[in-house]
Amino acid sequence: MTAICSTSRRIGFLVFPGFQILDLTGPLAAFQTANGVADKEQYTLHTISEHGGPVESSSGLSVISERALGVAFDTVVIAGGGGSLSIATVPSHCETIRTLSKCARRMTSVCTGAFLLASAGLLDGRRATTHWRYASLLQRQYPGTRIEADHIFVKDGPVWSSAGVTTGIDLALALIEEDLGVEISRAVAKDLVMYHRRPGGQSQFSEMLDLEPSSARIARALAYAREHLADRLSVETLAAAASMSTRHFGRAFRAETGETPARAIERLRVEAARVRVENSTEPLEMVGASVGFTDPETMRRAFVRIYGVPPQAIRRASQTRRSET
């Protein structure tokens, strides 16, 4: 059955057995709030599933859903959750997503909902993200997708994906901003009592640095890097620490961690620098040099890329917090 295409701002929140309830309710609340802030209904909201009817989440809470096909949606938001990896192997569910995509202006995912986008072929040749814990698995299963594991959300053409759980709200705010402008998006964030909004390129969280490669050799290279952050850590140096050829090391590192060696080292350095930025009065030049940044501007760009703000802003925020306690 094919959908009848429509241009209205109809949002379909696609769920499945075992979905994460916050992946649904977070973005749904953001769009609902946008209707109130805009003083008119900008969005019509529908919870949908392959067959319709009650769908039980991973927490045991069930929601009533409509059948996904038959009505077109401007935007489809695919929830993540524990059931997503098994649902991604069900051909009929993949076909449902492909059919929805034929009329949708935007296809989006929250958390491990990216596996469903990928299984339907919608991430082929595109950039995407997912929960940091599953980034390397997604990269291995769908090598035609470029996984940006250190991003909160990623937009690649009409396909958007976000990282774990609460980042679905960041994604929704970005979609609202694209539709209704920054002032409405900012007002929605204020009403939800949350930051407006974390930049898509901001790192998911420091836990991402606890990379869990499957091989002892890659783990050995990461351990070496953590102990020698102030040194020049070239791919050749890391490959030698792993007792691997440079070419093989680069491929294996990306496959097992979802990161390039250069990006992983940058994040390790930023994480180490942030601790000193927040808890000391050392000049930023000294902080950067202590963790291997060649100059303050390189460190500043890395902070902006990963945290969305420069180190000076993080230091000021830390000083403000201490003065208030």
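Up top you'll find the structure we're talking about.
Here's a quick rundown of the structure. (Residues numbered from 1 in each chain as written. Predicted model: local features only at pLDDT ≥ 70, side-chain atom pairs only at ≥ 80, totals over all residues. Heavy atoms only, no water.)

The subject of this paragraph is the packing of helix α1 (residues 21–37) against helix α6 (residues 167–180). One can describe the packing of α1 onto α6 by two numbers: an axis separation of 8 Å at closest approach and a directional angle of 30 degrees. Considering the angle they form, α1 stands roughly parallel to α6. For the pair α1 and α6, the sense of crossing is right-handed. On α6, the residues touching G26, P27, A30, F31 and A34 of α1 are G168, I169, A172, L175, I176 and L180. Its residues assigned to classes, the contact of α1 with α6 shows nine nonpolar, two polar and no charged. (Axes fitted to C-alpha atoms, helices over the stretch in contact; angles between N-to-C directions. Helix = DSSP H or I, 4+ residues; strand = E, 2+ residues; numbered from the N terminus. Parallel < 35°, antiparallel > 145°, perpendicular 65-115°, else oblique. Left-handed = near helix turned anticlockwise from the far one by under 90°. Contact = heavy atoms within 4.5 Å. Nonpolar A, V, L, I, M, F, W, Y, C, P; charged D, E, K, R; others polar.)

In this model, helix α13 (residues 296–307) (twelve residues) spans 16 Å end to end at C-alpha, consistent with the 16 Å of a helix rising 1.5 Å per residue. Among the residues of α13, those classed as buried are M299, A302, F303, I306 and Y307. Relative to the axis of α13, the buried residues are bounded by an arc of 100 degrees and lie together on one face. The distance from a side-chain oxygen at the start of α13 to the backbone nitrogen of E297 is 3.0 Å, and the residue carrying that oxygen is D295. Looking one or two places after α13, you find G308, whose phi comes out positive at around 85 degrees. (Expected span 1.5 Å × (residues − 1). Buried < 20%, exposed > 50% of the residue type's maximum accessible area, 1.4 Å probe, protein only. Arc of directions from axis to C-beta. Polar contact = N/O pair within 3.5 Å; in protein donor to acceptor, adjacent residues only side chain to side chain.)

This paragraph deals with the environment of P91. Relative to the elements of secondary structure, P91 occurs in helix α3 (residues 91–103). Under the relative-accessibility criterion, P91 is labelled exposed at 63%. Sequence separation between P91 and S245 is 154 residues; the distance between their C-alpha atoms is 40 Å.

This paragraph deals with the pairing of strand β5 (residues 75–78). What you see with β5 is no split at all: T75 and V77 on one side and V76 and I78 on the other are buried throughout. The sheet contact formed by strand β1 (residues 10–14) and β5 spans four bridges and is parallel. Each bridged residue has a counterpart across the sheet, and for G12 the counterpart in β5 is V76. As paired elements, β5 and strand β6 (residues 106–109) share four bridges and run parallel to each other. (Pairing = 2+ DSSP bridges.)

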